[in-house]
Amino acid sequence: MKGDKKLLAVLNSLLTDELTAINQYMVHSEMCENWGYNKLHLSIRKQAMDEMHHAEWLIERIIFLEGLPVVSKLNPMKIGKTVSEMIANDNADELDAVRSYNEAIILCREVDDEGTADLLTKILKMEEGHVDWTEKQYSQISQMNLGNYLADQTESLIN
């Protein structure tokens, strides 16, 4: 099924965003593991896995619409040097993703592609969940201070 050219370009742009997010989340996840923040490591790793699913679904849809997925392009990554910077960078990117998906859904409806709109709505809801997660981290840091928050992110190695 031949897809709209403008929509295919937008889908490839979203794919670039997702591929970038995967890499950024994986780096942040591994940094947290290295620092001993295992709970954060696992939470951020899960988000990287979500982004992998998003990329996979976008690739499938681009191919279905007879487009060519561009998987060799990444945006500049924003690697945080501290946990607070990581959360801030990831939050900003997720807010951008929510905006981009909302705009793409509008375009889908303009070109009468409800199938793609449904897929993007599914991804949008997951991205909103990522924003919610970062906002919860901000609340916890604010309420318990950074030191206590970070202490809560460690797991005892004693069995």
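Located above this text is the structure these notes cover.
The rules behind the values
Residues numbered from 1 in each chain as written. Predicted model: local features only at pLDDT ≥ 70, side-chain atom pairs only at ≥ 80, totals over all residues. Heavy atoms only, no water. Helix = DSSP H or I, 4+ residues; strand = E, 2+ residues; numbered from the N terminus. Buried < 20%, exposed > 50% of the residue type's maximum accessible area, 1.4 Å probe, protein only. Salt bridge = Lys/Arg side-chain N within 4 Å of Asp/Glu carboxyl O. Contact = heavy atoms within 4.5 Å. Polar contact = N/O pair within 3.5 Å; in protein donor to acceptor, adjacent residues only side chain to side chain. Axes fitted to C-alpha atoms, helices over the stretch in contact; angles between N-to-C directions. Parallel < 35°, antiparallel > 145°, perpendicular 65-115°, else oblique. Left-handed = near helix turned anticlockwise from the far one by under 90°. Nonpolar A, V, L, I, M, F, W, Y, C, P; charged D, E, K, R; others polar.

A. Representation of the overall build of the protein in the model. Looking only at helices and strands, the protein features four helices and zero strands. Each helix and strand of the protein, ordered N terminal to C terminal, gives the series α-α-α-α. Structurally, the protein occupies a C-alpha span of about 55 × 30 × 30 Å along its principal axes. Scored against the burial criterion, the 159 residues of the protein give a buried share of 42%.

B. Local environment of the pattern of salt bridges. Across all of its chains, the model carries seven salt bridges by this definition. In this structure, aspartate 93 and lysine 78 form a salt bridge, with 2.5 Å as the shortest nitrogen-oxygen distance. Of this pair, aspartate 93 sits in helix α3 (residues 83-110) while lysine 78 is found in the loop between α2 (38-64) and α3, placing the two residues 15 residues apart along the sequence. For aspartate 93, a relative accessible area of 24% gives the class partly exposed.

C. A look at the environment of aspartate 50. On the secondary structure map, aspartate 50 appears in helix α2. Measuring from C-alpha to C-alpha, the distance between aspartate 50 and alanine 151 comes to 26 Å, with 101 residues separating the pair along the chain. When sequence neighbours within four positions are dropped, the list of residues in contact with aspartate 50 reads Met126 and His130. A distance of 2.9 Å separates polar atoms of two side chains, one belonging to aspartate 50 and the other to histidine 130.

D. Examining the packing of helix α1 (residues 5-35) against α3 more closely. Put simply, α1 and α3 touch, their axes get as near as 11 Å, and they point 160 degrees apart. As judged from the angle between their axes, α1 and α3 are roughly antiparallel. For α1 against α3, the interelement crossing comes out left-handed. Judged by residue contacts, Lys6, Leu7, Val10, Leu14, Asp17, Glu18, Gln24, Tyr25, His28, Met31, Cys32 and Trp35 of α1 engage Val83, Met86, Asn89, Asp90, Asp93, Glu94, Ser100, Tyr101, Ala104, Leu107 and Cys108 from α3. Of the residues contributing to the contact of α1 with α3, the split by class is 13 nonpolar, four polar and six charged.

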